[in-house]
Every structure is written in C-alpha cells, then in structure tokens.
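Listed below are the residues making up each chain.
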Amino acid sequence: MNNETRRVPEEEILRQKEIMARVRGMLPAGRKYHIVTLGCQMNVRDSETLAGMLTEMGFTEAATREEADLILYNTCCVRENAENKALGNVIWLKELKKDKPELIICVGGCMTQEEGMAESLIRQYPFIDLVFGTHNAYRFPEYLEKVLSDRVQVFEVLDTGGTICEGLPEKRSNPYFGFVNIMYGCNNFCSYCIVPYVRGRERSREMDDILGECKRLRDAGAREIMLLGQNVNSYMGGGAKFAELLYRVDALDIPRVRFMTSHPKDLSDELIAAYGELRHLMPNLHLPVQAGNDEILKRMNRHYDREKYLSLVRRLRAVRPDIGLTTDVIVGFPGETEAQFEDTLSLVREVRFDAAYTFIYSPRAGTRAAEMDDPVSMEEKTERIQRLIALQQSITSEVLASQIGRIQPVLVDSVSTRSEQTIGGKTPRAHMVNFPGSAERIGQTVPVRITSAGKNTLRGEAVEG
Ligand code: SAH
Ligand code: SF4
Ligand code: F3S
C-alpha cells in the first residue's frame, strides 16, 4: 500500500470534527480530562493530538486524576515492565470509579494493539469504557460519543497496518518546544522488538505537511523542534531523502533542530555531511547500538556490525568534533555469553557516549527472539547491566566534567522542583544545566558558564551582558 492510500481522507477528518462539535454541545460545561502518557516521544506527540480533540470537545485539563471526569491512558508495551505499569495504573482506576461512577476511563496506545489485548482488557476490567488502537486513534471522538450517548463499553482495534492523519486538532504541551512526526511505524523487525507489530508499517508524511507544521510551530514561538520517527533514516525510503528534509527544515530558521531515532544501518553519507553544514542541527545524535558483538547484532537482525557502527562514529566526529552521542543498549539478549557482553562493554568504552539507556532484554510475544533459547539467568543479566551502568556512569561524569569552565547557550525549559530560584535547560549537545534564575527566562537562550558537574547534569551561572 502506498502513502496515498494510507492517508485518512479529508472527509473522514471532517466527520470527526463534526462529532467533536456535537459532543461539545452534549456535555455540561466544565468537564475535565487527564491523560497519562507512558512510553516514547511518539506517544507524547499522540497525546497532544488526543488532548487537542478533548479540548475541541469542551474538556479542560485536570491537574490530577482525582479531579478528572475522563482519564485516558496512552500505553506502551516495548518491555514487560512498561506493560505492567500500564496495567497496574489502569487497575488502580477501579477504586477511583467506585467513588465516581460517571468517570470515563479510556485506554489507547501501543499495548492495545497487542494480539488479544483489547478483548482481554474489556473483559477483565468492566470499568474501562473505551479501548482503541494506534491505527484508529483519529476516531477517538466517534468512540467517545458512543460511550457518552449509549453508556456502553466500546472497543475497536484495527489491524490495518497504519494510517497517516493530517489536520487533527492538537494541544501542545510546551510552546517553545515541538515534536514533529515525519514518519510512522517500522519495517525493521529487529528480532526482540514489538514496535513493528503495534505501530504498523513504515509510512512517511508528505514533506510539505511536515514543513507546514514546523512553520506553524516556529510562528507560535517554538525555539526547538524534534523530528520523530522509529527510524528517521527511512524517511520516504532512504537516508538521502531524510537529509533533504533536514536541509529544508534548517532553512526555516528554527533555532534548534534535533531528531530521533536514527538506525545505524542506514545513516547516510548525506546525513553525516549535514552535521557539518546545517546551522540549526544540534550537535547530538541518538544512535542506538543495542550490542557490541557481531553475532548478537546478527541475531538481533540489526543489519550492521560493530566495525560499521564504530566507523559511523568516527565519521560523525570528523565532521562535527563536538557531537554528543547517546545510545540504547540491550543486556542479556537470548544466549548472550559473558564474552559477548564484554564486547558491549568495550564498545561503550571505545565510543564514550554522553549517555546510554540500558535495558535488560524482555521477551515480547510474537517476536522472533521470544522463541530463542535463553539459558542466562536473570541474576546474571542483572549483574551485567549493573556493570554496564557503572561503566557508563563513569564516562558520563568525565564527559560532563570536561564542560566545566565553558560558556554554553542554554535554552531554558523549566524551573527546578527543588528551588524556585533555579532554572534549567539544555545545551546544544543536550546536556542538562541548572543555574540560578527566574521563571521569566523560560523559552530564552541564556549564555551560561558551567561551574560544576553532577551525576547526570551540569550546574552553572548566567553570563550577563
Ligand atoms: N526505533 C528505535 C527504538 C524504539 S524502542 C530504534 O530502533 O532505535 C527503544 C529501545 O527499547 C530500543 O532501542 C531498545 O534498546 C529497547 N528495546 C526494544 N525492545 C526491547 C525488548 N524486547 N527488551 C529490552 N529492550 C528493548
Ligand atoms: Fe524496534 Fe528495530 Fe524498529 Fe527500532 S528499528 S522500532 S528497535 S524494530
Ligand atoms: Fe512504547 Fe509504542 Fe513507543 S511500544 S516505546 S510507546 S512506539
């Protein structure tokens, strides 16, 4: 199926908009919603659309679950603990509903797309009102109207391989920072990963739609955007196309541009070159390596080996010496030996990532790796991940310490939870910096002299004048 046929027709979007207006008329004023978002940036962006729809339907945001008339869980299932968290959260709502029988409980997101999951949720938890999948989330208004008017449980999860939807409302969580989807789904089928099953086939948005969204964000004051996709290098079938998109986004003059995630197997020469040329492309790249051993990488179906990964790192650093690299690592893939794990440690030592997100392998039903023999005990895997975390921690500390004394432009995004006199933001390389200042500076880029380094963040002071 090509992108044209995957696109949800405009009439269908208009139909949902009419339903939103109807629901607005049907509900008493002052209804509140609360969305809980689990999982990755894709879900964060999807929640902004769901929040936009709820706003159109007359809801306002509630600060807590207790205050809400409607609670929506946007779930993740990439690892078992993500799924347990979603389930645990949802089960807890049963108590809330006892005190507030009119409370509406909705569950969407990746977990609902797992085989048999939607049915089992509806059957096991009769207090859930609505379950919908990732491919039909644009029909949320229609489903909600049905729940409200018929007071029945509604569940619909489609296995269409996925859609592209333009023109839905959105409620952005931060005016200075915007997530922009460039593609959806994934065709890579890494052997451990459930994402291709729950997010459907790879499909790219039209370049003009993406640029239009970026312009809108820019005109509304965004200082930074992050382009999103499970594998941005596959944007419209090839790294060159993604590089082309980046050049066009760069020309919009949004101060900071980042993207994620990039798959090492098709990180193109054009993209590496872009790091040397584009003014707004920030010097950091999340490049998940997953493992440092060739045999494991092969069984993971990653389509690159250790040497290819290391050569990408060398070339990126040749073009952009200050680039900060971050990564994802899976420990304890089925059958991983101690020696194979040590290859991961040595790769981490060699690359010196700014940060690494480390996960113990979690079997996911339906994936190929879930069928593989896995003789290594959980105890052993836990011990391995601790060694990896300790190694990365020492590298992160050294990288951060190397920033002391430098002056960095920090885009302020938050006030510290500990002290109102402390604000925080990111450097171009995506290091978090806290420094004394007041909330008015949120959204501004402030030159900050780095004075000390903590475990994962820097401290500094604003350089005025
Ligand atoms: N599309 C992104 C990754 C999305 S999932 C990419 O390819 O880089 C985010 C991370 O979760 C992955 O990079 C991987 O490290 C981890 N992950 C995915 N499936 C997993 C599993 N079954 N067990 C443990 N970690 C997993
Ligand atoms: Fe999962 Fe691999 Fe696709 Fe990333 S590229 S989402 S790890 S299958
Ligand atoms: Fe989780 Fe779905 Fe993202 S499974 S990691 S929320 S794409």
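Conventions we followed
- Residues numbered from 1 in each chain as written.
- Chains lettered and ligands numbered in written order.
- Predicted model: local features only at pLDDT ≥ 70, side-chain atom pairs only at ≥ 80, totals over all residues.
- Heavy atoms only, no water.
- Helix = DSSP H or I, 4+ residues; strand = E, 2+ residues; numbered from the N terminus.
- Rg over C-alpha atoms; globule rule 2.2 N^0.38 Å.
- Buried < 20%, exposed > 50% of the residue type's maximum accessible area, 1.4 Å probe, protein only.
- Contact = heavy atoms within 4.5 Å.
- Areas by Shrake-Rupley, 256 points an atom, 1.4 Å probe, with all protein chains shown as cover.
- Near = heavy atom within 4 Å.
- Polar contact = N/O pair within 3.5 Å; in protein donor to acceptor, adjacent residues only side chain to side chain.
- Axes fitted to C-alpha atoms, helices over the stretch in contact; angles between N-to-C directions.
- Parallel < 35°, antiparallel > 145°, perpendicular 65-115°, else oblique.
- Left-handed = near helix turned anticlockwise from the far one by under 90°.
- Nonpolar A, V, L, I, M, F, W, Y, C, P; charged D, E, K, R; others polar.
- Phe/Tyr/Trp six-rings, centres within 6.5 Å; stacked < 30°, edge-to-face > 60°.
- Lys NZ or Arg CZ within 6 Å of the ring centre and 35° of its normal.
- Pairing = 2+ DSSP bridges.

Visitor: I'm lost on the overall build of the protein chain in this one. Help?
Guide: On a plain count of helices and strands, the protein chain comes out with 14 helices and 19 strands. Taking 465 residues into account, the globule formula puts the C-alpha radius of gyration at 23 Å, and the protein chain, at 23 Å, falls close to it. Summarising its shape, the C-alpha atoms of the protein chain cover approximately 60 × 60 × 45 Å along the three principal directions. The proportion of buried residues among the 465 residues of the protein chain is 54%. Taking the intrachain contacts of the protein chain between residues at least 6 apart in sequence as the baseline, contacts between residues at least 24 apart amount to 75%. Carbon and sulfur atoms form 50% of the exposed surface of the protein chain, whose accessible area is close to 20,100 Å².

Visitor: Would you mind going over the site of ligand 1 with me for this structure?
Guide: Close to ligand 1 lie 15 residues; R79, Q230, Q290, D328 and S362 are nearest. A distance of 2.9 Å separates an oxygen atom of ligand 1 from a polar side-chain atom of R79. For ligand 1, whose accessible area on its own is 540 Å², the fraction buried by protein is 89%. Contributions of two or more residues to the shell around ligand 1 are made by β13 (324-331) and β14 (355-360).

Visitor: Which parts of the structure should I look at to understand the packing of helix α13 (residues 338-351) against helix α14 (residues 378-401)?
Guide: The description of two helices packed together rests on the angle between their axes and the distance between the axes. It is at 10 Å that the axes of α13 and α14 come closest, and there the two elements cross at 15°. The angle between the axes of α13 and α14 places the two elements in the roughly parallel class. Judged by the sense of rotation from one axis to the other, the crossing of α13 with α14 is right-handed. Residues E338, F341, E342, L345, V348 and R349 of α13 lie in contact with α14, whose contacting residues are E380, R384, R387, L388, L391, Q392 and I395. When the residues that make up the contact of α13 with α14 are grouped by side-chain class, the tally is six nonpolar, one polar and six charged.

Visitor: It is not clear to me how the site of ligand 3 should be interpreted in this structure. Could you clarify?
Guide: Taken together, the residues surrounding ligand 3 are G39, C40, N43, C76, C77, V78, C110, R199 and Q230. For the shell around ligand 3, the residue count by class is five nonpolar, three polar and one charged.

Visitor: Would you take a moment to explain the packing of aromatic side chains for this structure?
Guide: For any pair of aromatic rings, geometry is given as the distance between the ring centres together with the angle between the planes. Across all of its chains, the model carries 10 aromatic pairs by this definition. An angle of 90° between the planes, with centres 5.1 Å apart, marks the rings of F177 and F179 as edge-to-face. The exposure class assigned to F179 is buried, which follows from its relative accessible area of 12%. Look at F333 and Y361: their rings are 5.6 Å apart centre to centre, the planes differ by 70°, and that puts the pair in the edge-to-face class. With F333 in the loop between β13 and α13 and Y361 in the loop between β14 and α14, this residue pair connects regions lying 28 residues apart in the sequence. Summarising the burial analysis for this pair, F333 and Y361 share the class buried. By the ring-pair criterion, three or more aromatic residues cluster together here, those being Y192, F333 and Y361. Taking NZ or CZ as reference, R79 lies 3.7 Å from the ring centre of F359, over its face.

Visitor: Explanation requested: the pairing of strand β3 (residues 70-75) in the structure shown.
Guide: It is a general feature of regular strands that their side chains alternate between the two faces of the sheet. For β3, the tally of buried residues reaches six of six residues, placing the bulk of the element in the interior. Side-chain alternation along β3 places L70, L72 and N74 on one buried face and I71, Y73 and T75 on a second face that is also buried. Direction of pairing for strand β1 (residues 32-37) relative to β3: parallel, over a ladder of five bridges. Residue pairing across strands places H34 opposite I71, the latter belonging to β3. Sheet topology places β3 next to strand β4 (residues 104-109); six bridges connect them, and they run parallel.

Geometry only, nothing functional implied.
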